[in-house]
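# Topology and contacts: notes
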Amino acid sequence: MSQSTTTEKMMDESMQGSSLELHAKAGNTRKLFIESYGCQMNFSDSEIVASILAKEGFDTTQKLEEADLVLVNTCSIREKAEQTVRNRLVHFNRLKKENPNVKVGVLGCMAERLKSKFLEEEQIVDMVVGPDAYKDLPNLIQEIDEGRNAVNVILSKDETYGDVAPVRLNSNGVTAFVSITRGCDNMCTFCVVPFTRGRERSRDPKSILEEVNDLWERGFKEITLLGQNVDSYLWYGGGLKKDFEKASDMQKATAVNFARLLQLVAKAQPKMRIRFSTSNPQDMTLDVIETMAKYNNICNYIHLPVQSGSNRILKAMNRLHTREEYFELIDNIKRIIPDCAISQDMIAGFPTETEEDHQDTLSLMEYVKYDFGFMFAYSERPGTLAARKLEDDIPEETKKRRLREIIALQQEHGLYRTKQHVGKTEEVLIEGTSKKSDAHWMGRNSQNTVVVFPKENYKVGEFVNVKINDCTSATLLGEAVGYSENN
Ligand code: SAH
Ligand code: F3S
């Protein structure tokens, strides 16, 4: 994990792969092994894929050797993420040699980026399916069953999978993702997502609420509303965000924006914890921050990627705000929600970045003192504006050194933030056993910081008040002092 942080807090987009647990449905005869890489949206999409395939006779399995169908949900965000997937394909190839009946499909962003070229580049691949084409899987599987390769990478204007009830895979039974938008219209010049996930569209609030209510009924206690740019959420009856101007007066008058959606969800399930990710600074409104402050069940945590502290670089990245506007947003957040945690994404070594630009990034970090961070060396992605217009001119060594400086500073700030929790008693939702000790629970506070404490008689899914006694730069250590009111 040389290019990113190693905090326990959230998954890093490119590094984590995870296979999914067994879900057996009566009458199903074939076995699906599905593995996900990349952002939370990919993990969420795999649950939609499992749901679609359950109706086609597939149960999921965690045992690769018993799979009839192997699917890899892929990530293109950095070159290294793609390399990880290609290495996995080498492994699946060995499996296919032992059992030629096994079929291998690639899903997600690499499928969309490479399209049918994938079939040429990686001989073992039978099927290539882009992120908007999962409902076509039944047809595509029929194709490969009949011995033909199958490809569908068509991007959609309105597909949100709002009508597919995800099969919860690898679930702790406590926290779940609910996707609310798909695609991204922002066109940050370094980013491949607008090309792989298409134009931005929002999901019907009715289907979002149904999913949230259903999760509550099934015992889930926390949801994360997911989108590439959640603050840009806008439901006006369907269609692309960019076509909103063409909507009727009636549609405009009854449109639901992100602040309103947050409120609807918070009110529908007042005991459920609500989180959201990701917020793009240019789209986050005061309304959203005020809604967070108004509802206790909306967690005090905002993932607010900035990428760089230099105005010149922000402009070259097509991030549509300045350093000063970002500070204003941070000031507003801290004024309205004083204990709100904030995390960042940073890119070191964007083309033309000077030492002075890099110093601007470090000084921006000093100002904000982020609770957590996800930090990366710039990786040129084919087809992006940066790749077409700018030379990837920062030497690898320089990128790495700047990245190391950013990570070191983030660790200092992480510790500064975790220390602020010591001595306080905070509500923690128990998610499972601590990775390091069977005798301890692991959960999170409202700010999304991991809290570890002795198990006693508490159970997974309970809200507990924990007195924080100690900390590292990423974890709080404490002891339970009783159930919280929310329990
Ligand atoms: N809005 C998205 C961002 C997806 S990409 C979200 O929901 O999180 C996640 C992060 O990867 C970005 O914020 C950026 O910091 C990093 N990233 C994206 N493209 C990159 C590239 N070409 N090189 C290095 N890091 C990149
Ligand atoms: Fe990528 Fe920028 Fe959208 S980072 S996902 S183009 S907000």
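Just so we're clear, the structure is a prediction, and the values are computed from it rather than from any experiment.

## Quick notes on the overall build of the chain
Of regular secondary structure, the chain possesses 15 helices and 22 strands. At 22 Å, the chain has a C-alpha radius of gyration in line with the 23 Å of a compact globule built from 487 residues. Taken along the three principal axes of its C-alpha coordinates, the chain extends 65 × 55 × 55 Å. Classification of the 487 residues of the chain by burial places 58% in the buried group. Total accessible area on the chain is roughly 20000 Å²; 49% of this is exposed by carbon and sulfur atoms.

## Topic: the state of the cysteines
Note: disulfide means a covalent bond formed between the sulfur atoms of two cysteine side chains. In this structure the tally under the stated criterion is 0 disulfides. C340 provides the cysteine sulfur closest to C471, a residue in no disulfide bond, and the two sulfurs are 19 Å apart. C471 sits in the buried class, given a relative accessible area of 15%.

## Remarks on the domain arrangement of the chain
By a widespread convention, an interface's size corresponds to the accessible area lost as its parts come together. Under the domain assignment, the chain is made up of domain 1 (13–152), domain 2 (175–416) and domain 3 (425–483). Each of domain 1 and domain 3 was reduced to a C-alpha centroid, and the two centroids are 36 Å apart.

## Examining unusual backbone geometry
Residue T278 is bonded to the preceding S277 through a cis peptide linkage, with omega at 10°. Relative to the assigned elements, T278 resides in the loop between β14 (273–277) and α10 (286–294). The backbone phi angle of Q307 is positive, close to 75°, even though this residue is not glycine. Its place among the elements puts Q307 in the loop between β15 (301–303) and α11 (311–316). Positive phi values are uncommon outside glycine, yet N448 reaches one of about 75°. Tracing the backbone shows N448 in the loop between β19 (440–444) and β20 (450–454).

## Looking at the pairing of β19
Two faces, one strand: in a regular strand the side chains alternate between the faces of the sheet. Most of β19 is tucked away: 4 of the 5 residues are buried. Looking at chain direction, strand β18 (residues 425–433) and β19 are connected through 4 bridges and run antiparallel. Residue G432 lies in a different strand from β19, and its bridge partner there is M442. Once β18 ends, the chain turns through 6 residues before running back antiparallel as β19.

## Section: the site of ligand 2
Neighbouring ligand 2 are the residues C184, N186, M187, C188, F190, C191, V193, P194, Q228, N280 and R319. Residue classes in the shell around ligand 2 are distributed as 7 nonpolar, 3 polar and 1 charged.

## Description of the site of ligand 1
Lining the immediate environment of ligand 1, one finds 15 residues, of which Q228, T278, Q307, D345 and S379 sit closest. At a separation of 2.8 Å, an oxygen atom of ligand 1 approaches a polar side-chain atom of T278. Here ligand 1 has 550 Å² of accessible area as a free molecule, and 91% of this is covered by the chains. Breaking the shell around ligand 1 down by element, the ones donating at least two residues are β16 (341–348) and β17 (372–377).

## Focus: the packing of aromatic side chains
Evaluated as defined, the whole model comprises 7 aromatic pairs. Each ring, one from Y301 and one from F372, has its centre 5.4 Å from the other, and the planes form 65°; the classification is edge-to-face. Separated by 71 residues along the polypeptide, Y301 in strand β15 and F372 in strand β17 bring together distant segments of the chain. Neither residue differs from the other here; Y301 and F372 are each classed as buried. Sitting over the face of the ring of F118, R86 holds its NZ or CZ atom 5.7 Å from the ring centroid.

## Observations regarding the sheet that holds strand β21 (residues 463–471)
Here 5 strands make up a closed barrel; going around it, the order is β18-β19-β20-β22-β21 and the pairing mixed. Adjacent strand axes in the sheet meet at a mean angle of 55° when their direction is disregarded. Alignment of β20 against strand β22 (residues 475–483), held across 3 bridges, turns out to be parallel. From the neighbouring strand, V450 faces β22, where its bridge partner is T475.

## Points about the sheet that holds β17
Spatial strand order, β15-β16-β17: 3 strands in an open sheet with parallel pairing. The open sheet is flanked by β15 and β17, the only strands paired with a single partner. Averaged over neighbouring strand pairs, the angle between their axes works out to 10° when direction is ignored. Of the strand pairs in this sheet, β16 and β17 are connected by 6 bridges, and their pairing is parallel. Within β17, the residue paired with S343 across the bridge is F372. Helix α15 (residues 396–419) contacts β16 and β17 of the sheet and is inclined by roughly 175° relative to β17.

## Side note on the packing of helix α9 (residues 258–268) against α10
α10 packs onto α9 with a crossing angle of 15° between their chain directions and a minimal axis gap of 8 Å. Our classification of the angle between α9 and α10 gives roughly parallel. Classified by chirality, the crossing of α10 by α9 is right-handed. Across from F258, A259, L262 and Q263 in α9, the residues of α10 making contact are D287, V288, T291, M292 and K294. Within the contact of α9 with α10, the residues separate by chemical class into 5 nonpolar, 2 polar and 2 charged.

## Thoughts on the confidence of the model for the chain
Model confidence for the chain is summarised by a mean pLDDT of 93, while 94% of its residues fall at 70 or above. Here residues 1–16 is a poorly scored stretch, pLDDT under 50, and it has 61 contacts once near neighbours within four places are set aside; other chains count.

## Structural notes on the UniProt feature "binding site: [4Fe-4S] cluster 2" (unreviewed entry) in the chain
UniProt's feature table lists "binding site: [4Fe-4S] cluster 2" (unreviewed entry) at C184, C188 and C191, given in the numbering used throughout. Of note, C184 is situated in the loop between β9 (181–182) and α6 (193–197). C184 sits in the buried class, given a relative accessible area of 10%. One can find C191 in the loop between β9 and α6.

Analysis parameters
- Residues numbered from 1 in each chain as written.
- Chains lettered and ligands numbered in written order.
- Predicted model: local features only at pLDDT ≥ 70, side-chain atom pairs only at ≥ 80, totals over all residues.
- Heavy atoms only, no water.
- Helix = DSSP H or I, 4+ residues; strand = E, 2+ residues; numbered from the N terminus.
- Rg over C-alpha atoms; globule rule 2.2 N^0.38 Å.
- Buried < 20%, exposed > 50% of the residue type's maximum accessible area, 1.4 Å probe, protein only.
- Areas by Shrake-Rupley, 256 points an atom, 1.4 Å probe, with all protein chains shown as cover.
- Disulfide = S-S within 2.5 Å.
- Domains from an automatic or database assignment.
- Pairing = 2+ DSSP bridges.
- Near = heavy atom within 4 Å.
- Nonpolar A, V, L, I, M, F, W, Y, C, P; charged D, E, K, R; others polar.
- Polar contact = N/O pair within 3.5 Å; in protein donor to acceptor, adjacent residues only side chain to side chain.
- Phe/Tyr/Trp six-rings, centres within 6.5 Å; stacked < 30°, edge-to-face > 60°.
- Lys NZ or Arg CZ within 6 Å of the ring centre and 35° of its normal.
- Axes fitted to C-alpha atoms, helices over the stretch in contact; angles between N-to-C directions.
- Contact = heavy atoms within 4.5 Å.
- Parallel < 35°, antiparallel > 145°, perpendicular 65-115°, else oblique.
- Left-handed = near helix turned anticlockwise from the far one by under 90°.
- pLDDT = per-residue confidence, 0-100.
- UniProt positions renumbered as here; feature names shortened; annotations may be inferred.

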